[in-house]
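Chain residues, written in single-letter form:
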Amino acid sequence: MIKNAMALSIVAVLAAACGDTWGQRAVTGGAIGAGTGAVVGSATDMGPLPGALIGGAIGAGVGAATAPPKRRYYRDRYY
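Every value quoted in this text rests on a predicted model; they were computed, and no experiment measured them.

Looking now at the overall build of the chain. Secondary structure summary: the chain contains three helices and two strands in total. Long-range contacts, defined here as pairs at least 24 residues apart, represent 45% of the contacts in the chain between residues at least 6 apart.

At a minimum axis distance of 6 Å, the contact between helix α2 (residues 22-43) and helix α3 (residues 48-65) shows a crossing angle of 150°. With respect to α3, the axis of α2 lies roughly antiparallel. In this structure, α2 crosses over α3, and the sense of that crossing is right-handed. Of the residues in α3, those touching α2 at W22, R25, A26, G29, G30, G33, A34, G37, A38, G41 and S42 are P48, G51, A52, G55, G56, G59, A60, G63 and A64. When grouped by side-chain class, the residues that make up the contact of α2 with α3 number eight nonpolar, eleven polar and one charged.

Once that is clear, we can look at the environment of G35. When you line up the elements, G35 lands in helix α2. Residue classification places G35 among the partly exposed residues on the basis of a relative accessible area of 23%. G35 sits 16 residues away from G51 along the chain, and the two C-alpha atoms are 8.7 Å apart.

Cut-off values and rules
- Residues numbered from 1 in each chain as written.
- Predicted model: local features only at pLDDT ≥ 70, side-chain atom pairs only at ≥ 80, totals over all residues.
- Heavy atoms only, no water.
- Helix = DSSP H or I, 4+ residues; strand = E, 2+ residues; numbered from the N terminus.
- Contact = heavy atoms within 4.5 Å.
- Axes fitted to C-alpha atoms, helices over the stretch in contact; angles between N-to-C directions.
- Parallel < 35°, antiparallel > 145°, perpendicular 65-115°, else oblique.
- Left-handed = near helix turned anticlockwise from the far one by under 90°.
- Nonpolar A, V, L, I, M, F, W, Y, C, P; charged D, E, K, R; others polar.
- Buried < 20%, exposed > 50% of the residue type's maximum accessible area, 1.4 Å probe, protein only.

So, in structure tokens, the structure goes:
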């Protein structure tokens with residue numbers, strides 16, 4: 001069980017910055033959170049399904065909140 005959690009953590013760290021837009025970050029964050037929540041939920045009395053639901057909701061929120069700001073293009077410069 002610990003090896004699975006470590007492997008999932010490594011994948012989560014590698015995929016944490018996936019996506020450039022708000023929607024992409026929310027989806028990838030939700031997927032990472034759901035996977036992590038399922039692993040944690042199966043290791044506790046909560047169960048994998050509630051853990052995945054809670055983790056997915058938290059992951060989507062964090063992913064959307066950490067989206068980089070849009071770059072604005074004026075004439076020939078980025079601001």
